[in-house]
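Chains, contacts and geometry: an overview
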Amino acid sequence: MKRADYISWDQYFMGIALLSAERSKDPSTQVGACIVDDNNRILSEGYNGMPAGCEDDIMPWGKIGDPLNNKYFFVCHAELNAILNYRGGSLKDARLYSTLFPCNECAKAIIQCGIKEVIYLSDKYASTDSTMASKRMFDMAGVTYRPYEVKGKKITIDL
Ligand SMILES: O=c1[nH]c(=O)n([C@H]2C[C@H](O)[C@@H](COP(=O)(O)O)O2)cc1CO
Ligand SMILES: [Zn+2]
């Protein structure tokens, strides 16, 4: 008889998004994303970080003050990185797992590259205009989104 306590596809891909987030240098919010096709093959992954060549040790990681001296103008979001990291052909009809609901800028990229479904873990910025704009665009463009259902399974990886 087959083993019973294997993880589901959703757990597998959100698990990969969570592991990707562990690469983030952002001291306050680490985000990971994983893109898969409709055969459950992983197409790409990403996490939030400074653009390539922009030194993590030189760029600002704070949240407040002068826009040129905090992170927001500079950080490339996990979802956008996952889209841009893809080295294959098309992302049409793919699904995207993200540890955080995509912002409006990532939502535009998600729609434009043909991703059809978004599965998210946290929606901690649900009350912001950015997230509300994302949902409006997803609704109009026919991109479905659903919260990831946490099952409480614990996995320890000894790295
Ligand atoms: O969807 C997202 N994807 C993503 O990668 N991010 C990144 C940008 C920042 O590095 C961090 C958010 O920072 P903070 O929670 O401190 O405002 O998460 C933020 C969002 C939502 O705004
Ligand atoms: Zn974003």
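Everything in this summary refers to the structure shown in the same document. (Residues numbered from 1 in each chain as written. Chains lettered and ligands numbered in written order. Predicted model: local features only at pLDDT ≥ 70, side-chain atom pairs only at ≥ 80, totals over all residues. Heavy atoms only, no water.)

Quick notes on the overall build of the chain
- In terms of helices and strands, the chain carries four helices and five strands.
- What you see in the chain, going N to C, is helices and strands ordered as α-β-β-α-β-α-β-α-β.
- Taken over the C-alpha trace, the chain has a radius of gyration of 16 Å; the compact-globule value for 159 residues is 15 Å, and the two agree within 12%.
- Expressed as lengths along the three principal axes of its C-alpha atoms, the size of the chain is roughly 60 × 45 × 35 Å.
- When each of the 159 residues of the chain is scored for burial, the buried share is 39%. (Helix = DSSP H or I, 4+ residues; strand = E, 2+ residues; numbered from the N terminus. Rg over C-alpha atoms; globule rule 2.2 N^0.38 Å. Buried < 20%, exposed > 50% of the residue type's maximum accessible area, 1.4 Å probe, protein only.)

Observations concerning the site of ligand 1
- Of all residues adjacent to ligand 1, which total 18 residues, the nearest are S28, T29, Y72, E79 and Y125.
- Separating an oxygen atom of ligand 1 from a side-chain N or O atom of D26 is a distance of 2.6 Å.
- Between ligand 1 and the protein, one listed contact pairs an oxygen atom with a side-chain N or O atom of T29 at 2.5 Å.
- Protein chains bury 92% of the 500 Å² of accessible surface belonging to ligand 1 in isolation.
- Residue composition of the shell around ligand 1, grouped by class: nine nonpolar, four polar and five charged. (Near = heavy atom within 4 Å. Polar contact = N/O pair within 3.5 Å; in protein donor to acceptor, adjacent residues only side chain to side chain. Areas by Shrake-Rupley, 256 points an atom, 1.4 Å probe, with all protein chains shown as cover. Nonpolar A, V, L, I, M, F, W, Y, C, P; charged D, E, K, R; others polar.)

With respect to the coordination of the zinc ion (ligand 2)
- Coordination sphere of the zinc ion (ligand 2), protein contribution only: H77 (ND1), C103 (SG) and C106 (SG), at 2.0 to 2.3 Å.
- In terms of primary sequence, the donors binding the zinc ion (ligand 2) are separated according to H-x25-C-x2-C. A residue pair is termed long-range when its members are at least 10 positions apart, and H77 in the loop between β2 (42-47) and α2 (78-85) and C103 in the loop between β3 (95-100) and α3 (104-112) qualify at 26 residues.
- A residue is classified by how much of its surface remains accessible, and C103, at 14% relative accessible area, is buried. (Donors = N, O, S within 2.8 Å, 3.2 Å for Na, K, Ca; no water.)

Spatial relationships are all this shows, so hold off on functional conclusions.
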